[in-house]
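Residues per chain are reported as follows:
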Number of protein chains: 2
Amino acid sequence: MRLLSVVLSGGAGSRLWPASRQAFPKPFMKLGDSTLLQQAIERGQACGTGDLLVVTNKDHLFLTKDVLAQMVDPPEATLLLEPKGRNTGPAIALAALQCARQFGGDTVMLVLSADHLVPDVEAFVASASQAFRLAEQGALVVFGVSPTSPDTGFGYIEVEHVSRESQRATRFVEKPDLETAQEYLATGRYYWNSGMFCFTADAILSAFERHAPQLLTAARRALESSQVVGQTVQFELHAFGLQPDISIDYAVMERADNVHVVPAKFGWSDVGSWPSVAKAQTPDASGNTMPPDVVAIDTTGTHVQVSSHSPKVVATLGVHDLVIVDTPDALLVAHKDSAQSVKSVVDILKARRHETVHLPAVVHRPWGTYASLKEEDGYKVKRITVKAGASLSLQYHHQRAEHWVVVRGSALVQVGDVEHQTHPGEYRYIPLKEKHRLTNIGEDELVLIEVQCGAYLGEDDIVRLADTYGRV
Amino acid sequence: MRLLSVVLSGGAGSRLWPASRQAFPKPFMKLGDSTLLQQAIERGQACGTGDLLVVTNKDHLFLTKDVLAQMVDPPEATLLLEPKGRNTGPAIALAALQCARQFGGDTVMLVLSADHLVPDVEAFVASASQAFRLAEQGALVVFGVSPTSPDTGFGYIEVEHVSRESQRATRFVEKPDLETAQEYLATGRYYWNSGMFCFTADAILSAFERHAPQLLTAARRALESSQVVGQTVQFELHAFGLQPDISIDYAVMERADNVHVVPAKFGWSDVGSWPSVAKAQTPDASGNTMPPDVVAIDTTGTHVQVSSHSPKVVATLGVHDLVIVDTPDALLVAHKDSAQSVKSVVDILKARRHETVHLPAVVHRPWGTYASLKEEDGYKVKRITVKAGASLSLQYHHQRAEHWVVVRGSALVQVGDVEHQTHPGEYRYIPLKEKHRLTNIGEDELVLIEVQCGAYLGEDDIVRLADTYGRV
């Protein structure tokens, strides 16, 4: 049996603002020691899958590559790069088509979401084995989670009776209202739909053929007009956009008659809100989930999270059931009962065109990262990191000069036509309008402090003359 | 009638952590447009006082001078610099002795606290006029505030009946317990002791002579052994320490028979806690006191304060009656009912030897300020400001080299024996162990970005060769 992990890595994650941003969504958030995306990939590996398909937005290519590069034992990965979001129906259809042509139609696809948390990987492996056996026999498997509350944030799956054994699904229902969810819970016949699936490429493709033939045709065309560049499949915007925006549940699962539910015998969270992030951590005796150096007096049930980029002491006094998330450019203080409304905050900030909606405080680029340390009239101070072997574009600026001090690693600094090896503690000056380039020639990360001076310091004052990443 | 303002500028202000710190206490906090100290000085000026005596800790000399320098119309000031805290008894005795010798014994002293908030200056002036008339006739005047709650944080003054007229005080009592405070409130015979006084130097000195002769003798000796340097009076530690640590209330007011209460017809706050800071501001329709750019959803009665040194967006969701104070290095989230316990936070941080207890994020020096923008192994980035005409010491470092970029103003940078004029956008390098000095030769503030590189970056790696401020 050939096993393939398919990781769906999408979503804006606005409910986890300010830790997640449009340009830095949930899969890239660290929870525990690693990002949620890495945890999903490792979960697949633990189940014995060899290769990996990741379906993600093209804007997140470099973030995704970073995650893979940081893994000790990364799988062979193919990245399907969506030019825009088109829901899980097209994503899974494209993954199945790609799987069939790359690995064969009898390959078993384990479809995982990149923004779930599954603390007990062993229990997950046991459920997955059950799913693999059913998938091999041609079933479409969905992992169902026994509901513990009438949650209105999930789809529900009806069965004969919730049990510890797998069984045929009788009905899929979309996110219900509270009253309906309460009824479902009372009957004992419903699972939460986890959004994790398992099937052979052939089985899901014939289900598409039968229940969503137009979608499948559109997906085939999108794949036919796509470009394979290295390990990526890049779709053409128009052909991609012709696919309907529809979930796999609506397109296939609701209609197919060979859908089986494998009950999740593992703890699971879709990390859909700050309270669920808190729940996924082990609380202290007062029910708090917070770094050990927080000074918490008369504080219960409170979650505190501080960005590692701006370490600071946090004190809480006489507060209960709060969520406190501090980042260098944004602070959220919310009651856990209101945490679903974080999206409203993001909507308000969007209307104000506030950049904390889009950009994280530490901005990721293909070559590394940058973060603003201070900005005032006439100057800006940045901390820039460059990955080993990476290089910024050859560029110049119309309105600013730059002072560079290397503080870690080894750089090759090109100024005009001259190249200078530059080591920690050494300085280079980049005059106005002079072409320049920064390359990491060491084996470790390069860290540089940049002081920009000029009348205009926007990111758009950049003329790229050459670029490794095709951004000229 | 000669009128003198005496401003008592002391106190640790730990109840307003993290905005106030040991090295940056309450009088130097900005509330509204200016610092509390400046507001106290201007309050005195509004009452027609000419000269000014400030009694403060010697560590706060430069902060105090900064406040005076930033005033449009600063009074002639003499600064009595205490080598350590010794309560209001000695402070007022020393001020009275200094007043008598500098301006004459019949001078009327208006004794103000540097950490009070009095929004209605006109009403204050009216009360002060009443006090001046009584003081001229030899009375010891205390300003009494009509209590609005059984507050246990104030001393109380008993009179025949609380009224709008001044009258003789019959008894002073220290901070009572809650039950006693409730009784006081019920009788209608008690004022809160505001800690503001008015008397001639002669009147208070003869009251000391009669009720606290040992204190007066010790104060005389402390003044005799003091050094007058410019506009400062610097006390010798031993002689100063021989004064008893006692309040003016205990030492004199409780015992004297010519104490009059002038009722405060003005709004008054001792700004003793975050809720009182909030109360001093005009709330919005939801009872919130916060900057206009805070995103507040389902939020009431909440006070938000963000340091101007690290502007960020703050969002509050479903929270009520909180105090949220964010600074670059510390964040406090407290319920207003618990805000008195901020001192407990400070105590815990003291035990951890945490520097946010002592140092503010922006550190004030006689020549200007510095703030750390980023610190990691091997390097530190600082933003340094230098006042017009000011100069750092001529110094060198054993373990670090420094990169300087001037971003605002004009500097004279001495490196070794060479001096370089350095303008915005220009750079200077200070090698390891090389003597150097930074001087602001412009008329505006100088701003410099410094990148320190070295194995050890502590503030104590400094060898001063010459210093304008006597710190060699």
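Provided above is the structure to which this section pertains.
Residues numbered from 1 in each chain as written. Chains lettered and ligands numbered in written order. Predicted model: local features only at pLDDT ≥ 70, side-chain atom pairs only at ≥ 80, totals over all residues. Heavy atoms only, no water.

A. Structural view of the sheet that holds strand 18 (residues 322-326) of chain B. With mixed pairing, 5 strands are arranged side by side in an open sheet as 15(A)-17(A)-19(B)-18(B)-16(B). Of all the strands in the sheet, the pair left with one neighbour each is strand 15 (295-297) of chain A together with strand 16 (303-306) of chain B. Strand-to-strand twist of the sheet, defined as the mean angle between neighbouring strand axes without regard to direction, takes the value 5°. Bridge count for strand 15 of chain A against strand 17 (residues 313-317) of chain A is 3 bridges, and the pairing is parallel. (Pairing = 2+ DSSP bridges. Helix = DSSP H or I, 4+ residues; strand = E, 2+ residues; numbered from the N terminus. Axes fitted to C-alpha atoms, helices over the stretch in contact; angles between N-to-C directions.)

B. How the structure looks around the interface of chain A and chain B. Facing 55 residues of chain A, the contacting portion of chain B comprises 56 residues. Contact between chain A and chain B buries roughly 4,300 Å² in total, counting both sides, with carbon and sulfur atoms accounting for 67%. It is Val-313, Leu-317 and Leu-331 of chain A in chain A that bury the most area against chain B; as a group they hold 15% of the surface buried on that side. Connecting chain A to chain B are 6 salt bridges. Among the ionic pairs, Arg-408 of chain B bridges to Glu-376 of chain A, the shortest N-O distance being 4.0 Å. Run the count over chain A and chain B and you get 24 residue pairs in polar contact (both at pLDDT 80 or more). For the side of chain A that touches chain B, the leading source of residues is strand 19 (residues 330-335) of chain A, giving 6 residues. Grouping the constituent residues of the side of chain A that touches chain B by class yields 31 nonpolar, 12 polar and 12 charged. Two strands pair when backbone bridges link them, and strand 17 of chain A and strand 19 (residues 330-335) of chain B are joined in this way by 5 bridges, in the parallel orientation. Counterpart to Thr-316 of chain A in the pairing with strand 19 of chain B is Val-333 of chain B. (Contact = heavy atoms within 4.5 Å. Buried area = accessible area lost by both parts, 1.4 Å probe. Salt bridge = Lys/Arg side-chain N within 4 Å of Asp/Glu carboxyl O. Polar contact = N/O pair within 3.5 Å; in protein donor to acceptor, adjacent residues only side chain to side chain. Nonpolar A, V, L, I, M, F, W, Y, C, P; charged D, E, K, R; others polar.)

C. Focus on the environment of Val-145 of chain B. Residues and elements named next belong to chain B. With respect to the helices, strands and loops of the structure, Val-145 is situated in strand 7 (residues 140-145). Measuring from C-alpha to C-alpha, the distance between Val-145 and Tyr-156 comes to 9.2 Å, with 11 residues separating the pair along the chain. Setting aside anything within four residues of it in sequence, one finds Val-145 in contact with Tyr-191, Trp-192, Ser-194, Ala-264 and Trp-268.

D. Broad picture of unusual backbone geometry. All names here are of chain A. A cis amide bond links Trp-17 to the next residue, Pro-18, at an omega of 5°. With respect to the helices, strands and loops of the structure, Pro-18 is situated in the loop between strand 1 (3-9) and strand 2 (30-31). In this model, Asp-298 sits at a positive phi of 45°, which is unusual for a non-glycine residue. Assignment of secondary structure puts Asp-298 in the loop between strand 15 and strand 16 (303-306). Of note in the backbone geometry, Lys-433 takes a positive phi value of approximately 65° without being a glycine. Within the secondary structure, Lys-433 sits in the loop between strand 27 (427-430) and strand 28 (436-440).

E. Region of interest: the pattern of salt bridges. If you walk through the whole model with that rule in mind, you get 36 salt bridges over all chains. Residues Arg-2 of chain A and Asp-51 of chain A are paired through a salt bridge, measuring 3.2 Å at the closest nitrogen-oxygen approach. Of this pair, Arg-2 of chain A sits in the segment before strand 1 while Asp-51 of chain A sits in strand 4 (residues 51-57), and the two are 49 residues apart along the sequence. Overall, Arg-2 of chain A belongs to the partly exposed group, its relative accessible area being 42%. A salt bridge links Glu-426 of chain B to Arg-428 of chain B; the nearest nitrogen and oxygen atoms lie 3.9 Å apart. Several salt bridges converge on common partners, so that one network encompasses Lys-312 and Asp-326 of chain A together with Lys-312 and Asp-326 of chain B. (Buried < 20%, exposed > 50% of the residue type's maximum accessible area, 1.4 Å probe, protein only.)

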